[in-house]
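Residue-level listing of the chains:
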There are 2 protein chains.
Amino acid sequence: MPSIGEAARGSGIPVETIRYYERAGIVPGPPRTLSGHRVYDTAGIARLCLIKRCRDLGFSLAEARALLALSENSDSPCRDVKVIAEGHLAEVGRKIGALRDLEAALGELVRECAEGNTACPALRTLARP
Amino acid sequence: MPSIGEAARGSGIPVETIRYYERAGIVPGPPRTLSGHRVYDTAGIARLCLIKRCRDLGFSLAEARALLALSENSDSPCRDVKVIAEGHLAEVGRKIGALRDLEAALGELVRECAEGNTACPALRTLARP
DNA sequence: CCTTGAACCTGTAGTGGCTACAGGATGCAT
DNA sequence: ATGCATCCTGTAGCCACTACAGGTTCAAGG
């Protein structure tokens with residue numbers, strides 16, 4: 001009967017993080033032995049795998065929890081999943097855009113330092129209100 | 001004599017955040033009135049502006065503090081600034097790469113939901129260990 | 001059986017970078 | 001004097017963890 005350590009190895013989520021996910025209500029706590037140790041069945045480990053995969057894809061914990069709920073509803077419409085995934089995809093696109101802008105500004109800043117000046121033009125740029 | 005509110009308006013950093021930056025040692029606290037109110041001179045506001053600009057460019061607070069220190073050292077070599085900025089630029093590049101990968105994986109997931117299935121292939125993909 | 005060490009438990013605190021609030025004080029205008 | 005905006009310090013919460021303290025359980029080896 002897999003303990004939390006085995007669930008951690010099976011899911012790729014650290015033991016402490018699994019406990020945190022339970023506390024935070026992301027996943028239900030599994031049944032326990034008489035001595036209080038957690039016992040995971042295949043469904044329990046599958047839940048953790050789904051959460052892990054969602055986190056790897058950058059979904060927030062709230063989103064991951066929602067997707068888990070959808071997956072455990074036997075007549076889950078794909079439409080709901082699509083809404084969550086598309087929202088997240090749009091957000092990732094926005095972040096990429098913002099980082100590209102940031103990259104350009106930083107590149108400009110680095111170029112200003114190219115000459116190894118002692119009175120740093122980059123710092124002057126930064127201090128400009 | 002500008003108070004913290006005016007410093008906030010001049011720098012674009014919220015009052016509460018300015019107080020936090022002081023507590024966190026990012027900027028020195030300014031002189032006070034007899035009643036304990038902060039009083040900002042132009043150098044104090046300039047410091048805040050530099051920190052704001054650094055944060056806008058995605059530098060961590062630690063990096064921002066380092067850049068501020070460099071800016072207040074009259075013989076600051078541009079080389080040090082360049083090292084910090086280039087490190088950060090490389091990190092931004094990595095983040096863009098990671099987000100692009102993420103975007104591709106999410107796009108695949110969304111496509112799997114395109115047909116409005118009830119037994120969601122995307123969820124099946126997510127649950128795969 | 002005893003010992004040892006790994007893994008388990010709960011609860012708490014800390015990380016980074018804020019943000020909001022409580023409760024009280026100050027300053028200015030009416 | 002009153003009212004309101006702004007100031008003060010201290011604390012707590014957000015998100016998603018991560019680490020630790022102090023204690024218990026379990027399995028392997030002598």
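Residues numbered from 1 in each chain as written. Chains lettered and ligands numbered in written order. Predicted model: local features only at pLDDT ≥ 70, side-chain atom pairs only at ≥ 80, totals over all residues. Heavy atoms only, no water.

Enquirer: Could you give me a rundown of the nonpolar core, with the residues and numbers involved?
Expert: Phe59(A), Leu67(A), Phe59(B) and Leu67(B) are the most contacted members of the largest nonpolar core, which has 76 residues in total. In this view, Phe59(B) contacts Leu106(A), Leu109(A), Cys54(B), Ala64(B), Leu67(B), Ile84(B), Ala85(B) and His88(B); residues no more than four positions away in its chain are not counted. (Core = buried A, V, L, I, M, F, W, Y, C linked by side-chain atoms within 4.5 Å. Buried < 20%, exposed > 50% of the residue type's maximum accessible area, 1.4 Å probe, protein only. Contact = heavy atoms within 4.5 Å.)

Enquirer: Before we move on, can you summarise the protein's contact with DNA strand C with the specific residues and values?
Expert: Taken together, the neighbourhood of DNA strand C is formed by 20 residues, with Ser3(A), Gly5(A), Arg38(A), Glu16(B) and Arg55(B) sitting nearest. The sugar-phosphate backbone supplies 73% of the atoms of DNA strand C found within 4 Å of the protein. For DNA strand C, a phosphate oxygen lies 3.1 Å from a polar atom in the side chain of Arg32(A). Ser35(B) is positioned such that a nitrogen or oxygen atom in its side chain is 3.0 Å from a phosphate oxygen of DNA strand C. Elements represented by at least two residues in the surface near DNA strand C include exactly helix H1 (4-11) and helix H2 (15-23) of chain A together with helix H2 (15-23) of chain B. In terms of residue count, the dominant contributor to the surface near DNA strand C is H2(B) (five residues). (Near = heavy atom within 4 Å. Polar contact = N/O pair within 3.5 Å; in protein donor to acceptor, adjacent residues only side chain to side chain. Helix = DSSP H or I, 4+ residues; strand = E, 2+ residues; numbered from the N terminus.)

Enquirer: Residue-level account of the domain arrangement of chain A, with values.
Expert: Residue and element names in this part refer to chain A. Along its sequence, chain A is organised into domain 1 (1-76) and domain 2 (77-129). Relative to domain 2, the C-alpha centre of domain 1 lies at a distance of 34 Å. The partner domain 2 presents seven residues to the nine residues of domain 1 that form the contact. At the boundary of domain 1 with domain 2, total buried surface from both sides reaches about 640 Å², with 75% on carbon and sulfur atoms. (Domains from an automatic or database assignment. Buried area = accessible area lost by both parts, 1.4 Å probe.)

Enquirer: Run through the interface of chain B and chain A, naming residues and quoting values.
Expert: Buried accessible area, meaning the area lost when the parts come together, often serves as the stated size of an interface. Listed as interface residues are 47 residues of chain B and, on the opposing side, 48 residues of chain A. At the boundary of chain B with chain A, total buried surface from both sides reaches about 3900 Å², with 81% on carbon and sulfur atoms. Looking only at chain B, the three residues that lose the most surface to chain A are Cys78(B), Leu123(B) and Leu126(B), adding up to 17% of its buried area. Counting across the chain B and chain A interface gives zero salt bridges. (Salt bridge = Lys/Arg side-chain N within 4 Å of Asp/Glu carboxyl O.)

Enquirer: Give me helix H3 (residues 42-56) of chain B: which residues, what numbers.
Expert: In an α-helix, one full turn covers 3.6 residues, which means residues spaced three or four apart are oriented alike. Compared with the 21 Å implied by 1.5 Å per residue over 15 residues, the 21 Å span of H3(B) between its first and last C-alpha is a close match. Three or more residues of H3(B) are buried, namely Gly44(B), Ile45(B), Leu48(B), Cys49(B), Leu50(B), Ile51(B) and Cys54(B). Buried residues along H3(B) sit against helix H6 (121-127) of chain A together with helix H1 (4-11), H2 and helix H4 (61-71) of chain B. (Expected span 1.5 Å × (residues − 1).)

Enquirer: I'd like a rundown of the relation of the copies chain B and chain A, residues and numbers included.
Expert: Mapping chain B onto chain A is achieved by rotating through 180° and translating by 0.0 Å along the same axis, at an RMSD of 0.0 Å. The two molecules are tied by a two-fold rotation axis, judged by turn and shift. Measuring from the rotation axis to each C-alpha of chain B, the shortest distance belongs to Ile96(B), at 3.0 Å. Take the interface residues of chain B: 98% of them recur as interface residues in chain A, which is what a same-surface contact looks like. (Least-squares fit on C-alpha atoms with pLDDT ≥ 70 in both.)

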